[in-house]
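# Fold and geometry: a report
Read off the chains here:
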Amino acid sequence: MQPVATTFFFYFLAALTLAGGVLVITRKNPVHSALALIIALLAQAGLYLMLYAPFVAGVQIILYAGGIMVLFLFVIMLVNLERSQREEQFNKQWLLGIIAATALGALFITIFVRGRAIFPVHIAAVAEESNTQEIGLMLYGNYMFTFEIASLLLLVAIIGAVVMAKKRI
Amino acid sequence: MVPLSNYLALSGILFGCGVIGFLIKRNIITIFMSIELMLNGVNLSFVAFAAQWHALRGQIFVFFVMVVAAAEATVGLAIIIAVYRTRETLNVDRVNLLKL
């Protein structure tokens, strides 16, 4: 299938992602930050679709926007926000933050300018019909051991969360 | 077609947003959200490179990054609840002792 107006959609989704990302770090209320982060994550799922990665886009929506962000909102509602709202939300590290961001940006720009030759202009289309199938075959084939370790990691995370969040074991 | 460099620039800016938020915020929950923002910036560049070189390995790596992010968010939020229960604050400047 031929892609439609990819440039417009790229800039639209990129603007949504950036607006969400900037709102996350500028809002004072953590609930607003969480909602902005959800918008950024959903727009990023759209970008994954544009990059012919439907499986990753689905996992992004289900796991990030549906799982992790719900967890965040639950924790925000568990803690007393009225009291922490009155505290100062930003610390006095503006200078350090700007310096770090500038250094990081300079690094990225240097790499981008010097390594322009290794980034070809056109992205060739890959087959998206069999994307999920091939990822599944690779996960249960070459990456079997990694997959099992990931499941073990999740088990450890579940047990650790229960142990730490419970008042009395 | 949108060139790869646009995606990389977007991912770099997202990562930079996460770094700034991590440094300037005091609320521990928002600091956590900044970490998620950084992870997402990295994920975007993984997927962009995977599409560029027709390699599915990048997408599989993103899958594992998401698994680690989920585990990290679970444990981290449990720590936030434990910290809030003992200290009644979410301000990282006031959580400066390991022992009460």
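All values reported here derive from a predicted model rather than from experimental measurement.

### Remarks on the domain arrangement of chain A
Residue and element names in this part refer to chain A. According to the domain assignment, chain A contains domain 1 (1-82) and domain 2 (127-169). Residue-level contacts link 4 residues of domain 1 with 4 residues of domain 2. Summing both sides of the interface, domain 1 and domain 2 together bury roughly 430 Å²; the carbon and sulfur share of this comes to 67%. A per-class count over the side of domain 1 that touches domain 2 returns 4 nonpolar, no polar and no charged.

### Topic: the nonpolar core
With 64 residues, the main nonpolar core has L47(A), F72(A), Y7(B), I29(B) and M33(B) as its most contacted residues. Counting residues per element, this core draws most heavily on helix α3 (residues 57-87) of chain B, at 13 residues. Counting contributing residues per domain, this core is built from domain 1 (1-82) and domain 2 (127-169) of chain A, each supplying no fewer than three. Other than its neighbours up to four places away in sequence, F72(A) contacts I29(B), F32(B), M33(B), E36(B) and L77(B).

### Some details on the pattern of salt bridges
Residue and element names in this part refer to chain B. With the rule as written, the count across this model stands at 1 salt bridge over all chains. One salt bridge in this structure joins D93 and R26, with 2.8 Å as the shortest N-O distance. Of this pair, D93 sits in the segment after α3 while R26 sits in the loop between α1 (4-24) and α2 (28-52), and the two are 67 residues apart along the sequence. The partly exposed category is assigned to D93, whose relative accessible area is 39%. Among the residues examined, R26 registers a relative accessible area of 13% and is labelled buried.

About the cut-offs
Residues numbered from 1 in each chain as written. Chains lettered and ligands numbered in written order. Predicted model: local features only at pLDDT ≥ 70, side-chain atom pairs only at ≥ 80, totals over all residues. Heavy atoms only, no water. Domains from an automatic or database assignment. Contact = heavy atoms within 4.5 Å. Buried area = accessible area lost by both parts, 1.4 Å probe. Nonpolar A, V, L, I, M, F, W, Y, C, P; charged D, E, K, R; others polar. Core = buried A, V, L, I, M, F, W, Y, C linked by side-chain atoms within 4.5 Å. Buried < 20%, exposed > 50% of the residue type's maximum accessible area, 1.4 Å probe, protein only. Helix = DSSP H or I, 4+ residues; strand = E, 2+ residues; numbered from the N terminus. Salt bridge = Lys/Arg side-chain N within 4 Å of Asp/Glu carboxyl O.

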